[in-house]
Amino acid sequence: MKLTAVRMTKRGRVALYGDDEFLLSMHPDVFAASGLSVGSEVDGERLAGLAAEAELKKAKERAFSMLSGREYTSSQLRDRLARHVDPEAAGQAVERMEELGLVDDDGYAERYARELSERKHCGLLRIRQELRQKGLSGAQIEQALENVYAPDADGESPELEAAAALVRSRYMKKLADGRRDLVVAALQRRGFAYSVIKEAIKRAEEE
């Protein structure tokens, strides 16, 4: 088949036509690298290869755009790219973003776990749940939690101290009013295990 026309689209892409029928469109860079021009011979295999290159280029551009606005895990980025491009291209684009250091699941897991712990005062159960929802693996989650909640030099649990600090700062009045149940429920919603809550309340009341 011969290319009979090459036209720019309104979206700035290059549209190829063979025997006056539309074949495919692609980024101008992909077309320039192809060496094709009107009159060039193309077959189905060549067109499929060009289509794959065009799809990957599109996926990478969208990935760069998305990552310029916020951070994503590899799973999140792959899923969102796959809404707009071929899944294989989405996967290849994510791999490239990882190679460039723009996607770092290990770092993301630890940063997000630390944010949930220090800024949102969440317990381990809630943090695990939140990290799973980001598409992170079990190993990545546990490593992040180990880094964030490593016992201090005295062997104290940072999670327990965080729960006790939360009780001291927000819930002492409820405890004084005999509403221990409300305090327990509030801390459970934040993802603290009952054993941690029980000890945290004990510490706060003994001070």
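Residues numbered from 1 in each chain as written. Predicted model: local features only at pLDDT ≥ 70, side-chain atom pairs only at ≥ 80, totals over all residues. Heavy atoms only, no water.

## What about the overall build of the protein?
Thought 1: The helix and strand tally for the protein stands at ten helices and three strands.
Thought 2: Counting from the amino terminus, the protein carries its helices and strands in the arrangement β-β-β-α-α-α-α-α-α-α-α-α-α.
Thought 3: On C-alpha atoms alone, the protein measures out to a radius of gyration of 27 Å, which is more than a quarter above the 17 Å that the 2.2 N^0.38 rule sets for 207 residues.
Thought 4: Counting only C-alpha atoms and orienting by the principal axes, one finds that the protein spans roughly 85 × 35 × 20 Å.
Thought 5: In the protein, which comprises 207 residues, the share counted as buried stands at 39%.
Thought 6: Counting only contacts in the protein whose residues sit at least 6 apart along the sequence, the fraction spanning at least 24 positions is 51%.
Thought 7: Only carbon and sulfur atoms are counted for the fraction: they give 46% of the accessible area of the protein, which is about 11,900 Å².
Thought 8: Between the averaged position of the 34 positive side-chain charges in the protein and that of its 37 negative side-chain charges there is a distance of 8 Å. (Helix = DSSP H or I, 4+ residues; strand = E, 2+ residues; numbered from the N terminus. Rg over C-alpha atoms; globule rule 2.2 N^0.38 Å. Buried < 20%, exposed > 50% of the residue type's maximum accessible area, 1.4 Å probe, protein only. Contact = heavy atoms within 4.5 Å. Areas by Shrake-Rupley, 256 points an atom, 1.4 Å probe, with all protein chains shown as cover. Lys, Arg positive; Asp, Glu negative; His and termini not counted. Charge placed at Lys NZ, Arg CZ, Asp CG, Glu CD.)

## Describing a nonpolar patch on the surface
Thought 1: Residues F64, L100 and L102 make up a contiguous nonpolar surface patch of about 260 Å² in total accessible area.
Thought 2: Of note, L100 is situated in the loop between α4 (87-99) and α5 (105-118). (Patch = residues over 30% accessible without salt bridge, like charges linked within 9 Å, V, L, I, M, F, W, Y side chains within 5 Å. Salt bridge = Lys/Arg side-chain N within 4 Å of Asp/Glu carboxyl O.)

## Side note on the pattern of salt bridges
Thought 1: This structure, assessed with the given rule, holds 14 salt bridges.
Thought 2: Of the charged contacts, one joins E71 and R111 as a salt bridge, the two residues approaching to 2.3 Å between their closest N and O atoms. Taken together, the positions of E71 in the loop between α2 (44-69) and α3 (74-81) and R111 in helix α5 put the pair 40 residues apart, joining distant regions of the chain.
Thought 3: The exposure class assigned to E71 is partly exposed, which follows from its relative accessible area of 33%.

## Describing helix α9 (residues 180-189)
Thought 1: Along α9, the positions that sit buried rather than exposed are V183, V184, A186 and L187. Along the axis of α9, the buried residues cluster in a sector spanning 165°; they form a single face.
Thought 2: On the buried face of α9, the contacting elements are α8 (158-176) and α10 (194-206).
Thought 3: Following α9 by one or two positions, G191 adopts a phi angle in the positive range, close to 95°. (Arc of directions from axis to C-beta.)

## Overview of the environment of A82
Thought 1: Within the secondary structure, A82 is located in the loop between α3 and α4.
Thought 2: Note: C-alpha distance between A82 and A59 (23 residues apart in sequence) is 8.6 Å.

## Some words on the pairing of strand β1 (residues 3-8)
Successive residues of a regular strand alternate their side chains across the two faces of the sheet.
Thought 1: Across five bridges, β1 lies against strand β2 (residues 14-18) in antiparallel orientation. Bridge assignment links M8 to a residue of β2, and that residue is V14.
Thought 2: What sits between the antiparallel neighbours β1 and β2 is a turn of five residues, in which G12 has the positive phi angle 80°. (Pairing = 2+ DSSP bridges.)

## Some details on the pairing of strand β3 (residues 21-26)
Thought 1: Where β2 lies against β3, five bridges are found, and the strand directions are antiparallel. Across the sheet, Y17 pairs through a bridge with F22, a residue of β3.
Thought 2: Hairpin connection between β2 and β3: a loop of two residues separates the two successive antiparallel strands, and D19 in this loop has a positive phi of roughly 55°.

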